[in-house]
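# Descriptive structure summary
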Amino acid sequence: MLRKAIKGMNQTLNIILVLIFVVLTVAVFCQIIFRFVLNQPLAWTEELSRYSLVWITFLGAAFAMSKNAHIGMEVLRDRAPAFLKKILAIVATVVCLGFFFIMIKEGYSLAGRSMNQLSPVLKIPMGIVYSVIPISGVILAINIIDVTIRQLRQREEG
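Being a predicted model, the structure only gives us computed values, none of them experimental.

## Looking at the packing of helix H1 (residues 2–37) against helix H2 (residues 43–66)
Closest axis-to-axis distance for the H1/H2 pair is 9 Å, and the angle between their directions is 155 degrees. The angle between H1 and H2 places the two elements in the roughly antiparallel class. H1 and H2 meet at a crossing whose hand is left-handed. Partitioning the contact of H1 with H2 into residue classes produces 17 nonpolar, eight polar and no charged.

## Describing the nonpolar core
As a rule of thumb, nonpolar side chains are buried together in soluble globular proteins. Core analysis: the largest hydrophobic core is formed by 18 residues, its most contacted members being Leu13, Leu59, Phe100 and Leu140. Listed by contribution, the elements that provide at least two residues to this core are H1, H2, helix H4 (82–113) and helix H6 (132–157). Contacts of phenylalanine 100, omitting those with residues within four sequence positions, involve Met65, Gly137, Leu140, Ala141 and Ile144.

## As for the pattern of salt bridges
Opposite charge on two side chains lets them pair, provided their charged atoms get close. Scanning the entire structure with this criterion turns up four salt bridges. In this structure, arginine 3 and aspartate 146 form a salt bridge, with 2.7 Å as the shortest nitrogen-oxygen distance. Of this pair, arginine 3 sits in helix H1 while aspartate 146 is found in helix H6, placing the two residues 143 residues apart along the sequence. Accessibility expressed as a relative area gives 37% for arginine 3, which makes it partly exposed. Glutamate 106 is paired through a salt bridge with lysine 105; the nearest N and O atoms lie 3.4 Å apart. Judged by its relative accessible area of 42%, glutamate 106 falls in the partly exposed class. Each of Arg3, Asp146 and Arg150 takes part in one network of salt bridges that share partners.

## Observations concerning the environment of isoleucine 142
Along the polypeptide, isoleucine 142 turns up in helix H6. Residue classification places isoleucine 142 among the partly exposed positions, given a relative accessible area of 31%. In this structure, the C-alpha to C-alpha distance between isoleucine 142 and leucine 97, residues 45 residues apart in sequence, is 9.3 Å. The contacts of isoleucine 142, once residues within four sequence positions are left out, are Ile6 and Met9.

Reading guide: rules and limits
Residues numbered from 1 in each chain as written. Predicted model: local features only at pLDDT ≥ 70, side-chain atom pairs only at ≥ 80, totals over all residues. Heavy atoms only, no water. Axes fitted to C-alpha atoms, helices over the stretch in contact; angles between N-to-C directions. Helix = DSSP H or I, 4+ residues; strand = E, 2+ residues; numbered from the N terminus. Parallel < 35°, antiparallel > 145°, perpendicular 65-115°, else oblique. Left-handed = near helix turned anticlockwise from the far one by under 90°. Nonpolar A, V, L, I, M, F, W, Y, C, P; charged D, E, K, R; others polar. Core = buried A, V, L, I, M, F, W, Y, C linked by side-chain atoms within 4.5 Å. Buried < 20%, exposed > 50% of the residue type's maximum accessible area, 1.4 Å probe, protein only. Contact = heavy atoms within 4.5 Å. Salt bridge = Lys/Arg side-chain N within 4 Å of Asp/Glu carboxyl O.

In structure tokens, the structure reads:
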């Protein structure tokens, strides 16, 4: 049941990433057309594309974690005996969870402090832009726990 919820969360995240990418593409395309064809650059497209790219980066990292697509020290892990592989996986997960906890805690604080600051052109609270930090931290934590559990179970069976 929990695995199904995590899978649903990641499918939703994938859709959100595609939508943000579409927004980013349209904003950049509009900027190119207005700047070079119509000679009337739009200020809001630059800001929207920058914030879209920030959200894609953080949420994309969280989605990549669900696919176990982040880089790692595989050469060290692959040469280790079976019992040490489990220990290395658990230690790496705990260290990452510590980092994700800091992301969540400090990102939440940053987003809260920035809610009164408006972006220069779009006039949206900067806290909304920064809220991707704790959101992605939570998703990263959920996904790394899920991936680690699946890897440990796979090693027990295989």
